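Structure assessment
Now for the letters of each chain:
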Amino acid sequence: MDEADCRVTFRIEEDEEDIVVEARAGENLLDVARRGRIPLFAPCDGNGSCGKCRVQLLSGALQASRSFYVSDVDFGEGWRLACTARVAGDALLLVK
């Protein structure tokens, strides 16, 4: 996959249209969300110290390790912190 051809799709609400943002492999997910004007709350400004920018990976690929703010169960269900995740390919994410 070319570095610039990842499509990150953000699903905000079930009845709203998905928002698709082009991204590069390795790009920080919070930066991608901000560029797409996705309403992600990140009061720590992306430092990984508040756990508020959680998104759920529904399909696709992200590079992300488990954090203190995401339990093992939640991690298994696809929950990640946008500020510590990196785009690894096309992805569909639920924003809550």
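The structure under discussion appears in the preceding block.
In this report, we go over the structure that sits alongside the text. (Residues numbered from 1 in each chain as written. Predicted model: local features only at pLDDT ≥ 70, side-chain atom pairs only at ≥ 80, totals over all residues. Heavy atoms only, no water.)

Checked against the element boundaries, V55 lands in strand β3 (residues 54-63). On the accessibility criterion, V55 (0% relative accessible area) is buried. Ignoring anything within four residues of it in the chain, the contact list for V55 reads L29, L40, G78, W79, R80, L93, L94 and V95. (Helix = DSSP H or I, 4+ residues; strand = E, 2+ residues; numbered from the N terminus. Buried < 20%, exposed > 50% of the residue type's maximum accessible area, 1.4 Å probe, protein only. Contact = heavy atoms within 4.5 Å.)

Looking at chain direction, strand β1 (residues 6-11) and strand β2 (residues 19-23) are connected through 5 bridges and run antiparallel. In the sheet register, T9 faces β2, and the bridge partner there is V20. Of the strand pairs in this sheet, β1 and strand β5 (residues 86-95) are connected by 4 bridges, and their pairing is parallel. Looking at the pairing, T9 lines up with L92 of β5. (Pairing = 2+ DSSP bridges.)

You will see that R37, though not glycine, has its phi angle at about 60°, which is positive. For R37, the location among the structural elements is in the loop between α1 (29-35) and β3. Here R37 falls in the exposed class, since its relative accessible area comes to 75%. In the Ramachandran plot, D45 falls in the positive-phi region, its phi being about 60° despite a non-glycine side chain. In this fold, D45 is placed in the loop between α1 and β3.

A few words now on the packing of aromatic side chains. What the rule picks out here adds up to 1 aromatic pair. Considering the side-chain rings of F68 and Y69, the 5.2 Å spacing of their centres and the 85° angle between planes classify their relative orientation as edge-to-face. You can call F68 exposed: its relative accessible area is 76%. For the cation-ring pair, R80 lies above F75, with the distance from its terminal atom to the ring centre recorded as 3.6 Å. (Phe/Tyr/Trp six-rings, centres within 6.5 Å; stacked < 30°, edge-to-face > 60°. Lys NZ or Arg CZ within 6 Å of the ring centre and 35° of its normal.)

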